[in-house]
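# Observations on chain architecture
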Amino acid sequence: MNLAEFLSSPNTLPWLIPAGPLLAFAIIVLITNRGRLVPAASHAYEDHNHPGYKGLFVPVVTDWGRVASIIVGMSGIIAAWLISLSIVGQAFAKQDFGKKVFESGFEWMSLGAPGSGFHMGVLVDPLTTIMLVMVPLACTMIFIYAIGYMAHDPRQARFFALISLFAGAMLTLVVADNLLLLFVGWEVMGLCSYLLIGFWYEKPSAYKAAMKAFTTTRVADVIMMLGIVYLYAQTGTLSFREIMYNEEVLAGLAGTPAILFGSFGLSAAGLIGIFLIIGTVGKSAQFPLHVWLPDAMEGPTPVSAMIHAAAMVSAGVYATIRMFPVFEAGGHPHEGILTAPLIFMAVVGAFTAIFAATIAVAQNDVKKVLAYSTISQLGFMLAALGMGAYVAATFHLITHAFFKALLFMASGSVIHGMEHGQHHVHEHAGHGHDDHAHDDAHAPAVAHAAHGHDAHHDDHGHDDHAHEAHAGHHFDPQDMMNMGGLRKTMPVTFVTFLIGGLSLAGFPLITAGFWSKDEILADAWYGITNGWGVHALVFILLAAAAFLTAFYTMRQLGLTFWGEPRTEEAKHANLGQGVVSATMTLPLIILAFFAVFAGFVGVHPDFPILGGIFSANGIPFKNFLGPTLLVKPELIPFSIVPVLTSFVVGLGGLYVGWLLYWRKPLVAGEADPLTRIIPANVYNLLKNKYYVDELYDRVFIRPSQAFANAFAYVFLDKRLIDGFLHLIARVAVWIGDLFKVLNLWLIDGVGDGIPEFIAMFGRWFRRIQTGRIQQYLLLVAIAAILIALVLVASSGVLVQAAGG
Amino acid sequence: MSILGIDILTFLVIYPALAALVVLLIPSSAGKQIARYAALALGLVFTALTVSVFSQYQLLQINDPQAQQLVSNTPWFTVLGASWHVGLDGISAAMVLLTGILTPLAIIISFEIEERVNMHLALVLFFATGCIGVFVAQDLMIFFLFYELSLVPMYFLINQWGGPNRKYASTKFFIYSMGGSLGMLLATQLIGWSISQVPADIVSAAQATNPALASYIAGRPSFDMGVISALWPLLQGVQGVFLGISVETVKALAFLGFFIAFCIKVPIWPFHTWLPDAHGEAPTAGSMLLAGVMLKLGAYGFLRLVIPFFPDVWVAPINLLGVIQTNWAGILAFLSVLGVVLGAFSALAQNDIKRLVAYSSVNHMGWVGLGIAVAALAYGQSFLTGAASDVQSAIIAANGAVMQMFNHGLSSAGMFLLAGAIYHKTHTRDLREYGGFWVKAPIYGTIFIFTSMASLGLPGLNGFIGEFLVVRGAYPVFTVLTVLAMIGLLFTGSYILKGIRAVLHGPFNMHWKDYNLEIEVREVIAIAPLMALMLITGLFPNWILEVINATVTRMMGG
């Protein structure tokens with residue numbers, strides 16, 4: 001195939017989508033990331049993320065390197081976006097898209113006889129197309145935002161290299177035509193998230209969070225790998241089309257008992273499904289593997305948006321949506337017959353949704369609220385998929401990606417603004433104000449108590465090397481208790497944050513979040529009307545979670561933007577002027593557009609008035625996505641109950657939030673009104689995330705370290721195995737000594753000694769009586785017995801081994 | 001195909017020894033640099049030779065698929081039945097290439113040696129003779145000879161240029177390996193002689209179907225691997241083959257001799273404790289070759305000798321303690337999984353960077369052992385019953401084992417190079433004394449993370465290919481063990497992250513303020529080819545897997 005053909009065919013073009021960002025990564029790493037050495041204490045390096053080492057020169061990216069890296073990175077992602085748009089356009093135009101798809105591949109690994117090797121390829125079907133609408137767009141916005149957000153970072157070029165690799169990996173995952181390539185993108189993203197969370201690697205809180213993220217997701221990934229190999233062993237392929245679009249294969253998977261637990265009635269599809277879903281539980285931070293995600297906030301904010309919205313956690317849900325037919329195999333969710341993986345997903349998702357929502361209610365860190373909110377919303381998607389609501393889950397994935405990316409970047413603007421204010425206070429008012437602010441920040445007793453568990457404060461445990469410049473510097477620009485009144489100085493951020501927040505809260509009719517959440521509840525309600533238990537559980541938990549979502553969103557908005565500034569820093573918080581401000585504002589505005597309008601492609605046709613406007617020919621989103629599956633998802637009948645529920649929980653949550661945080665805004669020094677309505681111990685339980693981190697530390701982390709040190713290394717290797725070897729060595733040395741002595745007596749004795757023999761006799765005789773001979777004889781006897789024992793013991797095994 | 005009238009494989013065996021001799025003969029008055037560059041030039045010629053051998057093998061293999069290529073067979077000890085028989089198949093071709101790649105890189109790294117330079121470089125070169133000899137040998141005597149020969153230069157490298165505890169480490173390494181070889185020597189003799197006891201009718205029946213037996217005369221002893229692979233498994237039910245012992249016992253004894261020798265070499269848990277000591281104390285070049293090539297000799301021995309020679313022994317039922325029904329394949333799988341899991345845990349417990357990397361070898365080579373166990377089981381089953389239950393899984397597992405051998409050669413050599421680079425600059429191996437080096441050594445940091453990720457098995461880099469294939473092959477066969485091995489895979493992540501964290505992350509340890517910690521150009525030149533191969537193999541494994549697969553598939557009869 002020549003190049004022109006390759007480029008013009010939509011079958012081969014998808015190969016190039018991830019190529020742009022990946023190439024950008026390579027170019028930045030190899031060419032444009034060039035540093036110059038500056039004193040670490042200089043302005044270009046030192047800030048609260050980079051300690052100023054005395055007398056040390058550190059590399060800081062050169063100006064041309066910074067600009068070139070940004071240009072290369074932007075070019076990569078924009079190329080990916082344009083190619084995606086071209087493919088999306090062709091996909092929309094294609095007749096019968098779904099049954100017909102764009103795909104191409106080649107034999108990647110020869111395994112066994114010719115033809116039975118492993119094929120690698122790309123695939124664009126409706127689901128991929130939808131992802132290709134969302135991912136490159138969100139990534140591009142994040143890239144633009146990072147130009148401004150990281151503008152003063154000494155390692156911005158590295159940052160652009162890493163987010164390029166991240167985007168490349170995500171796009172690889174999206175266009176993959178098989179589970180293995182998906183897994184490649186999945187894991188490379190894991191690496192990127194590790195490197196990006198730990199981007200400010202000098203901060204212990206950052207590298208700890210990075211290790212936590214990598215390790216926690218790896219727990220899930222190794223189990224997911226079992227699912228992949230099992231699927232591969234069972235079907236002989238990992239190609240999505242060959243498995244998911246093939247009734248025979250699916251029936252075979254459902255009909256084969258599982259290799260483990262098969263006697264409990266679990267089918268191969270069931271076990272594979274559970275293995276794969278555990279992978280998603282890790283990647284999408286579902287309970288009980290959710291712990292890494294809030295800590296991942298240690299990374300620069302564009303990373304948070306990348307991880308939470310466009311890429312990593314979406315990838316987790318995307319993988320389950322992709323593999324849905326396997327989970328479904330053997331069941332029929334539309335008729336209430338749920339398989340084990342579906343029930344597993346529904347329960348985990350619904351529980352996580354409510355679990356994380358309750359934690360989010362009591363967080364004070366502006367990004368952590370959003371982190372828990374993300375966990376909760378991903379729970380919505382997983383629960384939806386567990387009920388068989390394939391379309392609703394995908395829909396929520398897309399809308400959530402837009403408004404959550406918006407929220408993260410808006411919160412990044414808030415943090416950036418607060419840091420700006422911090423600089424202002426620092427420069428204009430000297431240290432007096434700084435200390436004052438610090439006192440303010442910690443005046444509320446509860447807020448102070450909570451800081452003990454806050455990862456940020458690990459900062460102060462490592463002053464042993466070179467960090468004295470920042471000792472005693474406690475102001476936290478992410479703490480919402482330090483904010484208030486930001487709407488005045490940061491109006492664009494406020495409005496976009498408000499739009500994102502309302503969308504997240506599911507503000508009725510005009511936000512995207514309302515439509516996607518409503519659809520999930522509608523599916524659950526449909527199950528209830530048919531009397532299915534799982535659906536009832538999901539409905540109740542999700543409705544409660546939706547209420548809490550609206551509440552904590554209102555709380556966050558109130559604490560951040562409403563009322564009067566509670567600190568000097570907040571008073572001076574703004575984004576400034578120029579490139580930084582522009583690049584950080586533009587993406588917010590664009591995403592706000594999608595956070596509102598992305599929902600109208602999923603309105604139920606029977607919805608009063610709006611259904612007729614937006615979905616005259618059926619739900620557009622569903623019509624397009626449906627043919628991804630062999631059996632198109634059925635349209636559930638419209639019901640007013642879930643709509644009303646959505647109205648009630650959305651508006652109700654917003655109202656309660658308004659009551660507590662807007663009607664009479666929090667003033668400096670005042671305790672969180674939440675503490676007035678819920679008992680202190682419950683509040684602390686939520687605040688401390690149900691102490692799950694502490695539990696894991698005691699139950700998993702410390703025991704495994706102890707096991708590694710005390711048992712695997714010291715006891716087994718050092719004491720037992722080496723001890724045994726040393727014993728053998730010692731016995732050998734003894735025997736050697738024995739021969740040496742025998743030599744002395746016999747050989748030398750016979751050769752040289754006969755003349756002296758008689759004269760020596762007396763002395764020799766005395767030596768026997770000293771007991772040394774007995775000692776040696778005893779040793780000989782012991783050795784002989786040992787050898788005999790070994791022979792006897794081993795011969796039995798040997799005869800058996802020989803089949804005797 | 002011949003060079004100077006000698007066939008190319010023989011030349012490839014002799015060449016490094018000659019090169020070593022040349023380096024030794026350079027007078028020390030000529031200066032260290034002369035010897036270094038001479039050794040490097042000779043080493044690069046060696047690489048070129050191995051690359052040419054590999055590509056010739058590829059070409060010959062495509063045009064004329066048969067078990068061995070570039071064969072040369074000359075009578076040697078006719079009375080014993082030993083001959084200078086060398087040849088290449090896909091597995092040995094991959095290993096020869098690996099040896100060829102690593103040798104000049106080890107020479108580049110040896111530039112940092114200042115004492116007895118010529119001798120050090122000569123030993124590095126001489127080591128290659130031992131390894132190539134093992135990989136191309138088609139005769140058991142030749143195999144054994146070179147297997148032992150490779151020990152000598154490595155012993156002296158550790159003993160003379162090693163760290164503070166080098167005497168203990170080198171002695172342990174040498175004695176332990178020799179101890180294993182002792183049993184192997186006895187087993188070799190036993191087999192070579194017992195072949196003469198195979199009844200003539202069986203021989204002639206086998207000769208009709210197996211070309212490897214064409215020149216074999218019944219009733220003669222033989223050390224030819226092809227002959228032994230064909231005849232020795234057929235020797236059954238004959239009494240008094242050797243000292244009146246039943247043939248089953250003879251086989252079991254011979255099996256044990258090989259099994260233990262190779263278990264020590266690989267190393268399979270619990271025969272591994274020599275390895276952290278040897279690696280920890282060895283000079284960087286020694287560690288690179290030890291991990292990169294020498295461990296492969298053991299795994300190669302399993303694939304080349306133990307699987308084809310003892311198909312019946314591998315699968316003969318064994319009853320442990322009256323409750324556990326298993327066989328030798330199951331035992332090897334179990335021990336390998338223990339190696340994967342406990343190796344990872346032990347690595348996590350280390351505070352010495354070289355010992356951490358050394359334990360990672362125990363962890364990684366465990367996957368090789370697991371792959372071999374799956375292949376051995378299927379090979380044994382198909383020998384006994386004519387068909388294995390799951391040949392495709394066995395083929396994939398065996399492919400995975402060989403890929404893992406090759407990949408571990410690349411990534412462990414790279415890791416030792418990097419550990420050596422930082423040790424060379426700080427003169428400490430204690431991870432707790434490092435910290436935050438990424439600030440002062442950004443290039444080193446990036447390379448370190450890249451290589452660590454290859455070692456961790458990140459998809460997209462080489463390490464993943466082998467692990468994935470082994471897991472895929474082992475899962476349907478040793479399901480529970482494979483699931484347990486995942487614990488090892490998890491903790492592989494933990495110790496790799498521990499290493500990255502200790503070296504690169506955290507606030508910079510100001511103790512090293514005035515040290516130059518950045519990687520040297522020479523070291524970058526040495527690791528760049530490894531990194532390129534890690535990436536290429538991770539993205540397009542078929543450049544080498546295709547070669548390996550053809551041989552493995554033929555061997556497993558798939």
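Conventions adopted
Residues numbered from 1 in each chain as written. Chains lettered and ligands numbered in written order. Predicted model: local features only at pLDDT ≥ 70, side-chain atom pairs only at ≥ 80, totals over all residues. Contact = placed C-beta atoms within 7 Å. Nonpolar A, V, L, I, M, F, W, Y, C, P; charged D, E, K, R; others polar. Pairing = 2+ DSSP bridges. Helix = DSSP H or I, 4+ residues; strand = E, 2+ residues; numbered from the N terminus. Domains from an automatic or database assignment. Expected span 1.5 Å × (residues − 1). Bend = angle between axes of the 7 residues up to and from the residue. Buried ≥ 20, exposed ≤ 12 C-beta atoms within 10 Å, placed from the backbone.

## Considerations on the interface of chain B and chain A
For an interface, size is often stated in terms of accessible area lost upon the parts coming together. Facing the 60 residues of chain B at the interface are 61 residues of chain A. In the side of chain B that touches chain A, the residues fall into 33 nonpolar, 21 polar and 6 charged.

## Quick word on the pairing of strand β3 (residues 69-77) of chain B
Residue and element names in this part refer to chain B. Note that β3 and strand β4 (residues 82-88) share 6 bridges and pair antiparallel. Among the inter-strand pairings, Phe 77 is bridged to a residue of β4, identified as Ala 82. With antiparallel pairing between neighbouring strands as the criterion, β3 and β4 make up a hairpin whose turn holds 4 residues, including Gly 81 at a positive phi of roughly 85°.

## Examining the domain arrangement of chain A
Residues and elements named next belong to chain A. Segmentation of chain A into domains returns domain 1 (1-177), domain 2 (392-421 + 428-437 + 476-687) and domain 3 (721-801). Taking only C-alpha atoms into account, the centre of domain 1 sits 29 Å from that of domain 2. Each partner contributes to the interface: domain 1 provides 17 residues, whereas domain 2 provides 21 residues. Grouping the amino acids of the side of domain 1 that touches domain 2 by side-chain chemistry returns 13 nonpolar, 2 polar and 2 charged.

## Comments concerning helix α21 (residues 521-539) of chain B
One turn of an α-helix holds 3.6 residues; hence residues three or four places apart share an orientation. Residues and elements named next belong to chain B. Taking 1.5 Å as the rise per residue, α21 with 19 residues should run 27 Å; its terminal C-alpha atoms sit 26 Å apart, in good agreement. At Ile 527, α21 shows its strongest bend, of approximately 30°, with the proline Pro 529 following within four residues. For α21, every residue scored as buried is listed here: Glu 523, Ala 526, Ile 527, Leu 530, Leu 533, Met 534, Thr 537 and Gly 538. Packed against the buried residues of α21 are α3 (90-109), α16 (391-426), α18 (442-456), α19 (462-474) and α22 (542-556).

## Here's the deal with unusual backbone geometry
Following B:Val266, the chain continues into B:Pro267 via a peptide bond in cis, with omega recorded as -10°. Looking at the element boundaries, B:Pro267 is found in the loop between α10 (247-265) and α11 (274-281). The linkage connecting B:Trp269 with the following residue, B:Pro270, adopts the cis geometry, with an omega of 0°. Position of B:Pro270 relative to the elements: it lies in the loop between α10 and α11. The phi torsion at A:Ala285 lies on the positive side, around 55°, for a residue other than glycine. On the secondary structure map, A:Ala285 appears in the loop between α10 (268-283) and α11 (292-295). On the basis of neighbour count, A:Ala285 is assigned to the buried category, with 31 C-beta atoms found within 10 Å. With a phi close to 55°, B:Leu70 is a non-glycine residue in the positive phi region. Secondary-structure assignment places B:Leu70 in strand β3.

## Points about α11(B)
Residue and element names in this part refer to chain B. The buried count for α11 comes to 8 of 8 residues, which makes it a mostly enclosed element. Among the residues making up α11, those that are buried are Trp 274, Leu 275, Pro 276, Asp 277, Ala 278, His 279, Gly 280 and Glu 281. The inward-facing, buried residues of α11 abut α6 (151-161), α7 (166-194), α12 (284-309) and α15 (353-385).

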